[in-house]
Amino acid sequence: NVEFMTQIYADQPKSSSDMWNRLEYRPLEGFVYAITPFNFTAIAANLPASAAMMGNVVIWKPSDSQVFSAKVIIDVFKEAGVPDGVINVVFGDALMITDTVLASRDFAGIHFTGSTHVFKDIWAKIGTNIHHYKTYPRIVGETGGKDFIIAHPSANPKQVATGIVRGAFEFQGQKCSAASRAYVPQSLWPAIKEQLITDTKSMKMGSPEDFSNFITAVIHEGSFDKLASYIDQAKKDTDAEIIVGGNYDKSVGYFVEPTIIVTTDPHYSTMETELFGPVMTIYVYEDAKWSETLKLVDSTSEYALTGAVFSQNRYAIEEATTALQNAAGNFYINDKPTGAIVGMQPFGGARASGTNDKAGSALNLLRWASPRTIKETFVTPTDYRYPFLGE
């Protein structure tokens with residue numbers, strides 16, 4: 001962000017010999033409210049810091065499931081020289097804190113990562129209070145996802161299987177960008193299925209203190225119970241089959257096995273609902289229905305965060321890229337739909353996935369600046385008459 005900020009300040013309008021034009025990138029007139037999630041410590045640091053770097057005072061409410069790492073972040077900021085009162089952490093009841101913040105006349109913006117439902121509620125409250133604020137607040141949010149992988153019949157089965165298990169099960173699927181629904185052609189399904197089962201069964205599960213464990217616990221009991229309920233339902237439903245995983249245990253930690261569900265219904269509940277856990281649902285489509293399946297991918301979910309296509313056919317890649325133009329703000333070709341790198345893949349999606357203000361780029365920082373144009377004239381007129389007024 002330091003580099004992006006430097007680029008922004010260097011972006012100046014044209015001047016001439018008789019005038020000097022410049023843009024002053026002012027902070028917003030008021031404070032910014034940052035709400036951060038449990039699942040990405042770097043984002044928890046970035047959301048308040050990006051606004052602060054552009055000159056804003058920030059009130060930061062971390063997730064109540066991420067209090068310890070938030071404390072570490074603040075200690076780092078303090079040691080780095082961030083003055084007291086610039087980034088102000090508040091722990092406590094989320095609703096009470098938010099209502100108090102949004103009631104302030106000096107509220108000037110929100111930088112949010114979290115659930116779609118919560119973000120929509122906050123947006124509604126901002127709208128209700130709009131006549132009270134000193135300025136129109138900036139509303140920036142990255143919310144939910146139901147991220148997809150679609151494989152073309154030309155795809156490499158091992159690449160597809162690797163993209164699915166990495167995309168779905170890294171960090172126990174607790175990523176906004178985690179793959180959670182996949183569309184696989186019938187012709188490739190036997191090979192992909194075999195690889196998926198082999199890979200998933202080989203994954204070690206246990207404490208994150210042991211780096212050889214690919215799977216650790218989900219964040220808390222609420223998440224565990226939600227995931228367990230969907231897995232139990234899939235075991236009962238006739239239009240769903242669990243081909244690997246399906247077990248869970250909270251006797252010591254909240255552990256959910258990486259689970260793959262295969263469904264005959266492309267609108268099955270786990271194809272549409274964000275679960276935020278290590279559960280992948282796969283729909284097997286007829287090879288001849290490739291184009292039809294692209295439309296299915298685009299229309300199935302309210303979200304549009306990330307997605308991926310696997311294909312060795314350039315025409316199919318181009319067709320998918322066009323057909324899924326609005327289905328994902330971060331689109332991957334022959335790769336898993338997770339792991340965006342700052343400065344290389346600016347991150348964010350639209351629809352119910354957020355305002356697509358692209359964290360990890362200058363685009364996001366611009367949201368926390370209020371530019372002022374300054375024109376300084378060196379040759380100041382002394383006569384109101386313009387030349388065209390002459391005879």
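Residues numbered from 1 in each chain as written. Predicted model: local features only at pLDDT ≥ 70, side-chain atom pairs only at ≥ 80, totals over all residues. Heavy atoms only, no water.

For Asn-21, the location among the structural elements is in strand β1 (residues 19-27). Residue classification places Asn-21 among the buried residues on the basis of a relative accessible area of 14%. Separated by 2.8 Å, the side chain of Asn-21 and the backbone oxygen of Lys-14 make a polar contact. Each residue touching Asn-21, except ones within four places of it in the same chain, is listed here: Pro-13, Lys-14, Ser-15, Ile-374 and Lys-375. (Helix = DSSP H or I, 4+ residues; strand = E, 2+ residues; numbered from the N terminus. Buried < 20%, exposed > 50% of the residue type's maximum accessible area, 1.4 Å probe, protein only. Polar contact = N/O pair within 3.5 Å; in protein donor to acceptor, adjacent residues only side chain to side chain. Contact = heavy atoms within 4.5 Å.)

With that settled, consider the pairing of strand β8 (residues 179-185). Among the seven residues of β8, seven are classified as buried, and the element is accordingly described as predominantly covered. Between the parallel pair strand β7 (residues 147-151) and β8, the chain is carried across by helix α6 (residues 157-169), and the sense of this crossover is right-handed. In this sheet, strand β13 (residues 279-285) lies alongside β8 in parallel orientation, the contact comprising five bridges. Each bridged residue has a counterpart across the sheet, and for Tyr-183 the counterpart in β13 is Tyr-283. (Right-handed = clockwise from strand over helix to strand, strands pointing away. Pairing = 2+ DSSP bridges.)

Turning our eyes to something else, we now look at the packing of aromatic side chains. Each aromatic ring pair is described using two quantities: the centre-to-centre distance and the angle formed by the ring planes. Following the criterion strictly, the structure yields ten aromatic pairs and no others. With a centroid separation of 6.4 Å and 70° between ring planes, the pair formed by Tyr-183 and Tyr-283 is classed as edge-to-face. Taken together, the positions of Tyr-183 in strand β8 and Tyr-283 in strand β13 put the pair 100 residues apart, joining distant regions of the chain. Judged by relative accessible area, which is 0%, Tyr-183 ranks as buried. With a centroid separation of 6.1 Å and 55° between ring planes, the pair formed by Phe-224 and Tyr-254 is classed as tilted. In this pair, Phe-224 sits in helix α8 (residues 221-236) while Tyr-254 sits in the loop between β10 (248-249) and β11 (255-256), placing the two residues 30 residues apart along the sequence. On the basis of relative accessibility, which here comes to 3%, the residue Phe-224 falls in the buried class. An aromatic cluster of at least three residues, connected via ring pairs, comprises Phe-31, Phe-107 and Tyr-133. Taking NZ or CZ as reference, Arg-22 lies 3.9 Å from the ring centre of Trp-20, over its face. (Phe/Tyr/Trp six-rings, centres within 6.5 Å; stacked < 30°, edge-to-face > 60°. Lys NZ or Arg CZ within 6 Å of the ring centre and 35° of its normal.)

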